[in-house]
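Per-entry structural report
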Amino acid sequence: MGLSDSFFASRFNITERDLERYLDEALSRGGDYADLYFEYLATSAISMDESIVKSATQGVSLGIGVRVIAGERTGYAYSDDLSPEKILKAAKVAACIAEGPSQVEKTPLQEGPRRNLYPVIVAPTDTAFSDRVELVKRADKFARAYDPRVFQVQATYADSLRHVMVATSDGVLNFDRQPMARLNVRALARQEGGPPQSGHSGGGGRVGLEFFLNEKTPEHFATEAARQAIVQLNAIEAPAGELTVVLGPGWRGILLHEAVGHGLEADFNRKGTSAFSGRVGQQVASPLCTVVDDGTIRNRRGSLNLDDEGSVTQRNVLIENGILRGYLQDKLSSRIMGSPQTGSGRRESYAHIPMPRMTNTFLMPGESDPTDIIRSVSKGLYCANFGGGQVDITSGNFVFSASESYLIEDGHLTRPVRNATLIGNGPEALRHVSMVGNNLELDEGMGVCGKEGQSVPVGVGMPTIKIDKMTVGGTA
Amino acid sequence: MRDLAADIVKQALAAGATGAECTISEGDEFSANVRMRELETLKEAGSRGVGLRILVGKRTGSAYTSDFTTEGIHLMVRQAMELAEVTTEDPHLGLPDPAELGSLEGDLSLYCGEVAQVETPFKIDLAKQAEAAALDADRRITNSEGASCDTNLSRNVFANSLGFTGEYRSSSCSLSAVPVACEGASMERDYWFTLARSFTGLEKPADIGRIAAERAVRRLGAVKVQTQKVPVVFEPRTARSLLGNIFEAVHGESIYRHASFLAGKLGEKVASEKLTVIDDGTIPGLFGTSPFDDEGVPTRRTVVIERGVLKTYLVNTYTARKLGMKTTGNAARGITGNAGIGHGNFYMERGSKSPEEILKAIPNGFYVTELMGFGINIVTGDYSRGATGLWIRNGELAFPVSEVTIAGNLSNMLNDLEFIGSDLEFRGSTAAPTLCIGEMTVGGR
């Protein structure tokens, strides 16, 4: 497919000459680099609450972002109108960051290599609404049937289809069509006289509706949400203080996202404000730890054919056997640091400036049998499910909340405990990893990562691991 | 714009809707960021969007678009109508009672035209001054995440099929600084900011930079303390987040789902009698103020908790009907969809003690300056978060602490409020003074 058959050409009559003209305008006052990001986003969402489909919404937003880089400076402007006058005006505003006559020689636009990591034939946004409504109805029904103590269920389904086109002054012209779908279930349970407890589950990816019919069904997510709420009914207060902690596989990989992932984004490191700044080549984790960020896994929520600067995504080894290997780069940081690009430039929408971000971040499997890992702990905490996490890049401190966890006593899981926050320090925590399981799992596809006000979808993954020392924020 | 919104409502009725609500919002944003005394980023743009929610009897559907052409609007109306086919009848669904609609009279001081006229170099200079003040404040400020000066101008229009149309404009400008302090192996950052409707309302750039620097420097060399139960003091910045938790707990949707530890507690004592919490959307110039809510109901002053007693939940029309109440004028929504619930200026009434007096009364405790993570369960009130701050020893701030947790239960915490400070100030739409909770678990070594 060339520009002429692309979505933006056919829908908005945009030609290669137009793109050249906009880039020329962007570089008319100097600057080293300019790019254009065209976006057309269709979304829909359905929500069910109290067994009533209470809301259904759909819509379209579209726009273009124009960026000009001059040295370390960035000028940015956008327009939600794709008429040539409005795009030229945005280019003129972004150009103001540079001073003086144009200096760079533009490279002629050339279409990049094409691949499709998410070959979804019928985008979820193009399916019948009645089929999508059926998903939340099935989830609602099943969660309620799971146990009579379940008394409230909320099921929400959301999907989107994003068309993008990136054209850059260094000659990149790339297109992508990015589908996404997600189903979430929340359940509340209570037993006589006691307070309610909640459970939550969700997932999806860059998939079509068939994913929820054949792979992860509404019943799967419903069961998981209801099960977690029921488990919590008998939970006791969580312990407080330093403990040995075993983290289960999959979504628990959010530990890596917070503990090391953000700290390895190149923008913080070129500015020297990350706890990991200047540590490439140093031991920052136990030799059992190899951490990878991979944007190329088929149909995953964090995957992209190309990043939001038009660069092809790839598999990046961040930490290898405990040694820090490199950072996640976007174009600006890789130019300034003189490092190769890693395909990690991402943005929330055309109204946002790209920055280095994670895609799917996971820990490679080790050799331990997961049951042996639990058996090796005489007193500790097993975290089976997490809520969200957060990190302070500069000090390296990070937290995540354990929404389902159990005491480990003499090598066995005993009582479930209530929600507790776990806290650690990035460059420190992974040194205490003493066992890594052979059971790598990726999460089910519900991660949203926030940075400087921009949200992007991400994936995480991990095998079962044991951390010898971590602070658990309970009350007991 | 008002005419366009009213016309879209008419188009929806013509297409078969029995009721309709249309929201139009338009905004211009500007941002200048400087770092290490140099301009780093300039961003400037405007955008707009329109959303429609329709009712067909007791069913609803919503759609939105940024395409304001005739075809774009037609498509939106069709899409909203299409969705009313897939939703379920809901007996509580509907627009507000006509008698409840309206808009506050008079000037609420939400908009200052000057903000649009201020030149870019002036804004860059403000950011440079703030960052320079931070960099020059202390030799240990060795780096910076930068300083920025941002402005926003927006216009909100709302119309419904009961004949309501309303419109208001608002402006904001802000200045913030994020310095990084370094000493030995310890590196810490912190921030400070000022926010106003006009440039003349902003605090001095030099003060923003200096305060941000002091905050970053005092975190250097932080240690992890032993696990223990002690009094915990929240400075206003962190106390504000507790107020956010109270808002979620009195949120009408959490109440009808029984998903709040305050559900079913109306008229009961839920907190220390020192605590009074108010929601007031009518205070001129503040950031939680608007002439009407997102359903066209005038905003008002509502006492939520009075001397420890829960007086009301905060609701919109839908949740009011579910709970047998009247709307409190707290409807809030983005561009589209059913109205949710938001707050106006949501604040805690000030107490009588100064922050120094509160500290003086504490022989051994924890003063929290930053909270991390999402470990708050509104259903049960269970509270467990990462915390950074200073240790209180014999009534004084003695040394910095980090990588610890604080934990308790919100219900117990509210009842265990020992002191409420006199230092209430609005920096955004929620505000709380310094607070002291009698006992929480600090998790550390």
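Small disclaimer: the values here were computed from a predicted structure and weren't measured. (Residues numbered from 1 in each chain as written. Chains lettered and ligands numbered in written order. Predicted model: local features only at pLDDT ≥ 70, side-chain atom pairs only at ≥ 80, totals over all residues. Heavy atoms only, no water.)

1. Here we look at the pairing of strand β17 (residues 412-417) of chain A
Residues and elements named next belong to chain A. Two elements, strand β16 (residues 397-409) and β17, share 4 bridges in a ladder whose sense is antiparallel. Across the sheet, Ile408 pairs through a bridge with Leu413, a residue of β17. Here β16 folds back onto β17, and the loop between the two strands holds 2 residues, one of which, Asp410, carries a positive phi near 50°. (Pairing = 2+ DSSP bridges. Helix = DSSP H or I, 4+ residues; strand = E, 2+ residues; numbered from the N terminus.)

2. Here we look at the packing of aromatic side chains
Evaluation of the coordinates by the stated rule reveals 19 aromatic pairs over all chains. Seen in terms of ring centroids, B:Phe164 and B:Phe292 are 5.1 Å apart; in terms of plane orientation they differ by 75°. Their pairing is edge-to-face. In this pair, B:Phe164 is assigned in the loop between β4 (141-160) and β5 (165-183) and B:Phe292 in the loop between β9 (277-280) and β10 (301-306), connecting sequence segments 128 residues apart. Looking at B:Phe292, the relative accessible area reads 3%, which means it is buried. Taking the centre distance of 5.7 Å and the plane angle of 75° together, the rings of B:Phe247 and B:Phe346 count as edge-to-face. Remark: B:Phe346 occurs in strand β14 (residues 345-348) and B:Phe247 occurs in helix α6 (residues 236-250); sequence separation between them is 99 residues. The rings of A:Phe7, A:Phe8, A:Phe12, A:Phe38 and A:Tyr40 are connected pair by pair, giving a single aromatic cluster. Taking NZ or CZ as reference, A:Arg132 lies 4.0 Å from the ring centre of A:Phe129, over its face. Directly above the aromatic system of B:Phe193 lies the positively charged group of B:Arg427, at a separation of 5.9 Å from the ring centroid. (Phe/Tyr/Trp six-rings, centres within 6.5 Å; stacked < 30°, edge-to-face > 60°. Buried < 20%, exposed > 50% of the residue type's maximum accessible area, 1.4 Å probe, protein only. Lys NZ or Arg CZ within 6 Å of the ring centre and 35° of its normal.)

3. A word on the pattern of salt bridges
Once their charged atoms are close, side chains differing in charge can pair, the charge on each being opposite to the other. Per the stated rule, a full pass over the model turns up 58 salt bridges over all chains. As a salt-bridge pair, A:Asp35 and A:Arg67 come within 2.7 Å of each other at their nearest N and O atoms. With a gap of 32 residues between them, A:Asp35 in strand β1 (residues 33-49) and A:Arg67 in strand β2 (residues 52-70) connect regions that are remote in the sequence. Taking relative accessible area as the criterion, A:Asp35 reaches 0% and is therefore assigned buried. The class of A:Arg67 is buried, set by a relative accessible area of 1%. The salt bridge involving A:Asp49 is made with A:Lys54; its shortest N-O contact spans 3.0 Å. Comparing A:Asp49 with A:Lys54 shows no difference in burial state: the two are buried. Connected through shared salt-bridge partners, A:Asp392, B:Glu145, B:Glu188, B:Arg189, B:Asp190, B:Arg215, B:Arg218, B:Arg219, B:Glu235, B:Arg237 and B:Glu370 make up one network. (Salt bridge = Lys/Arg side-chain N within 4 Å of Asp/Glu carboxyl O.)

4. Remarks on the pairing of strand β22 (residues 454-462) of chain A
Residue and element names in this part refer to chain A. Counting buried positions along β22 gives 8 out of 9 residues, so the element sits mostly inside the fold. Here 3 bridges tie strand β14 (residues 360-363) to β22, and the two strands are oriented parallel to one another. Along β22, the bridge assignment pairs Asn360 with Gly459. Direction of pairing for strand β20 (residues 441-442) relative to β22: antiparallel, over a ladder of 2 bridges.

5. Brief notes about helix α7 (residues 254-261) of chain A
Among the 8 residues of α7(A), 8 are classified as buried, and the element is accordingly described as predominantly covered. Among all positions in α7(A), only A:Ile254, A:Leu255, A:Leu256, A:His257, A:Glu258, A:Ala259, A:Val260 and A:Gly261 are buried.

6. Description of the environment of B:Ala239
Residues and elements named next belong to chain B. With respect to the secondary-structure elements, Ala239 resides in helix α6. Look at Ala239 and you get buried, because its relative accessible area is 0%. Note: C-alpha distance between Ala239 and Ala432 (193 residues apart in sequence) is 5.7 Å. Contacts of Ala239, omitting those with residues within four sequence positions, involve Phe234, Ala432, Pro433 and Leu435. (Contact = heavy atoms within 4.5 Å.)

7. Observations concerning the side chain of A:Asp35
All names here are of chain A. Among the polar contacts listed, one links the side chain of Asp35 to the side chain of Tyr33, at a separation of 2.9 Å. Looking at Asp35, its side chain comes within polar contact range of the side chain of Arg67, at 2.7 Å. Filtering out sequence-adjacent residues up to four positions away, Asp35 remains in contact with Leu23, Gly65, Val66, Arg67, Ala167, Thr168 and Arg347. (Polar contact = N/O pair within 3.5 Å; in protein donor to acceptor, adjacent residues only side chain to side chain.)

8. Re the sheet that holds β10(B)
Residue and element names in this part refer to chain B. Overall, mixed pairing links the 5 strands, which are arranged β11-β10-β9-β14-β19 in an open sheet. Lying at the two open borders of the sheet, with one neighbouring strand each, are β11 (309-310) and β19 (430-431). Sheet analysis places β9 next to β10, joined by 4 bridges and oriented antiparallel. In the strand pairing of β10, Ile278 is matched with Val303. Together, β9, β10, β11, β14 and β19 form the strand contacts of α6, whose direction differs from that of β14 by roughly 115°. (Axes fitted to C-alpha atoms, helices over the stretch in contact; angles between N-to-C directions.)

9. Digging into the interface of chain B and chain A
Every contact between the two is made by 70 residues of chain B and, on the other side, 73 residues of chain A. Buried area between chain B and chain A, both sides added, is near 5800 Å², and the carbon and sulfur share of it is 50%. If you sort the residues of chain B by the area they bury against chain A, B:Tyr64, B:Arg257 and B:Met372 come out on top, with a joint share of 11%. Inspection of the chain B/chain A interface yields 7 salt bridges. The closest approach of N and O atoms between A:Glu242 and B:Lys224, which form a salt bridge, is 3.2 Å. Counting across the interface, chain B meets chain A through 40 residue pairs in polar contact (both at pLDDT 80 or more). When residues in the side of chain B that touches chain A are grouped by element, the largest group, 10 residues, is from strand β2 (residues 38-56) of chain B. Of the residues assigned to the side of chain B that touches chain A, the class counts are 18 nonpolar, 30 polar and 22 charged. With 5 bridges joining them, strand β3 (residues 73-79) of chain A and β2(B) adopt parallel strand pairing. Of the residues in β2(B), the one forming a bridge with A:Ala77 is B:Glu44. (Buried area = accessible area lost by both parts, 1.4 Å probe. Nonpolar A, V, L, I, M, F, W, Y, C, P; charged D, E, K, R; others polar.)

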